[in-house]
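Next come the chains, spelled out residue by residue.
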Amino acid sequence: MVGCPEELARAFPDHLHEGKVNLKDLLPSELEAFVRLLGQSPYRARQLIRWLYVRRVGAFADMTDLSRAFRELLEAVAVLPSLHLASPQESLQDTTKFLFTLPDGNPIESVRMRYLEHLGPGRLAVCLSSQVGCAMGCEFCASGKLGLVRNLQAWEMVDQVLAIQRRVDARGERVANVVFMGIGEPLHNFRNLLRAIRILNHGDGLGIGMRHIAISTSGVVPAIRRLAEKRLPLKLAISLHATRDELRDRLMPVNRRWNLAELLASCREYQAATGRRMTFEYVMLDGVNDSLEEADRLVELLGGLRSLVNLIPWNPVDHPSFRRSSKIRVRAFQERVQQGGLRCTVRREKGSDIDAACGQLRLREIRRHVGAAPRAENTPAFSAGG
């Protein structure tokens, strides 16, 4: 038999779902190899890409320009899994948070943001998760409260976009910007992250430009350097949150592995390789990192980098040691940074009424079902890839 299940399993061992080839997890070049193994012409791969990512169908039977015999063959050897939408939460601030359930039952989150200042009418940004849970253990963040469960596969990242796009199709809106800033450390899942980006970017599919895709990292230095070697014009955002190693060690355990000097050196390498401006995220914690002295140190730390500092009002999670900085202190910090010659913005709050900070909705859902769940066993293992 042409393209028998055993032959396909040998050809795509890392992209099987329930014993069949998961077409959503294949790069366009791999889809072409797949249809060739089935004895089909390469243009069939382009047809499949259009059905999956432009028309966004979820069943082979709906791919009506494919012959019945080819559709039956696809049913026998391939599968199109999808995420289950557990609960969308509309916000009064033009934000929707989605809780998705993966095929293995794990929950993840995505956020749709409308009317961002830099987007035109009908263009949306989505914030995606890259892992189930997170191993980084940042003190102020809900994502890592239950530890890391597993990496997401490429298709599980892309399917967050597809599910959101389907919901806005009728309104004529389009997902134009993607940020990997949801649950998880994207650069811990390096291989699958790049696969997802290449699928999102492909011109015959969703066609989201590389310059409209951003990755947020807590500072996995070897992976930043690997990404720089790719020379892709992606936006890179660094979750900084402190200007001194002793404070960042406490807030972000990753800093104990790669300190600020190493992190900033890798950022300069990334900027030299890509030409992209760097974004530095800085969550504002009252009395912790929001003094004018910290603002001055931030200006000194980022000297020589073409950068944007994005101040983030803290969305409270269960932590008795932290309080949100007042608007007055945030404004004073911003002005001090700007006086030092850096561009500095304050993130407009979107979705604080719907637990829209990373991990809050997932954490609440897990605790609702199982109570205060224990932390996962496989916590911090800092590596360059995945």
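Up top you'll find the structure we're talking about.
Residues numbered from 1 in each chain as written. Predicted model: local features only at pLDDT ≥ 70, side-chain atom pairs only at ≥ 80, totals over all residues. Heavy atoms only, no water.

(A) Structural detail: the packing of aromatic side chains. Taken as a whole and judged by the stated rule, the model has four aromatic pairs. Ring geometry for tryptophan 314 against phenylalanine 322: centres 5.9 Å apart, planes inclined by 85 degrees, an arrangement best described as edge-to-face. The two residues tryptophan 314 and phenylalanine 322 agree in class, both being buried. A cation over a ring is seen here: arginine 55 above tryptophan 51, with NZ or CZ 4.1 Å from the ring centre. (Phe/Tyr/Trp six-rings, centres within 6.5 Å; stacked < 30°, edge-to-face > 60°. Buried < 20%, exposed > 50% of the residue type's maximum accessible area, 1.4 Å probe, protein only. Lys NZ or Arg CZ within 6 Å of the ring centre and 35° of its normal.)

(B) View of the nonpolar core. Formed by 108 residues in total, the largest nonpolar core has its most connected members in Leu23, Phe34, Val178 and Phe180. Ranked by residue count, the leading element in this core is helix H5 (residues 154-168), at eight residues. In this view, leucine 23 contacts Leu31, Phe34, Leu48, Leu52, Tyr53, Phe60, Leu74, Ala78, Val79 and Leu80; residues no more than four positions away in its chain are not counted. Counting six residues, the second largest nonpolar core, distinct from the first, contains Ala125, Cys127, Val179 and Ala214. (Core = buried A, V, L, I, M, F, W, Y, C linked by side-chain atoms within 4.5 Å. Helix = DSSP H or I, 4+ residues; strand = E, 2+ residues; numbered from the N terminus. Contact = heavy atoms within 4.5 Å.)

(C) Focus on H5. Between its first and last C-alpha, H5 extends 22 Å over 15 residues, near the 21 Å set by a 1.5 Å rise per residue. Across the 15 residues that make up H5, a large majority, 13, are buried. (Expected span 1.5 Å × (residues − 1).)

(D) Structural view of the pairing of strand E14 (residues 307-313). Of all the seven residues making up E14, seven are buried; the element is thus mostly covered by neighbouring parts of the structure. Of the two faces of E14, the one lined by Ser307, Val309, Leu311 and Pro313 and the one lined by Leu308, Asn310 and Ile312 are each fully buried. Of the pairings in the sheet, the one linking strand E13 (residues 278-284) to E14 comprises seven bridges and is parallel in character. Paired with glutamate 281 across the strands is asparagine 310, a residue of E14. The parallel pair E13 and E14, bridged by helix H10 (residues 292-301), forms a crossover whose chirality is right-handed. Bridge count for E14 against strand E15 (residues 343-346) is four bridges, and the pairing is parallel. By the bridge assignment, asparagine 310 is partnered in E15 with threonine 345. (Pairing = 2+ DSSP bridges. Right-handed = clockwise from strand over helix to strand, strands pointing away.)

(E) Broad picture of the sheet that holds strand E2 (residues 20-22). Pairing is mixed across the open sheet formed by three strands, whose spatial order is E1-E2-E3. Looking at strand neighbours, the two that pair on one side only are strand E1 (16-17) and strand E3 (78-79), the edges of this open sheet. In this sheet, E2 lies alongside E1 in antiparallel orientation, the contact comprising two bridges. By the bridge assignment for E2, leucine 16 is matched with valine 21.

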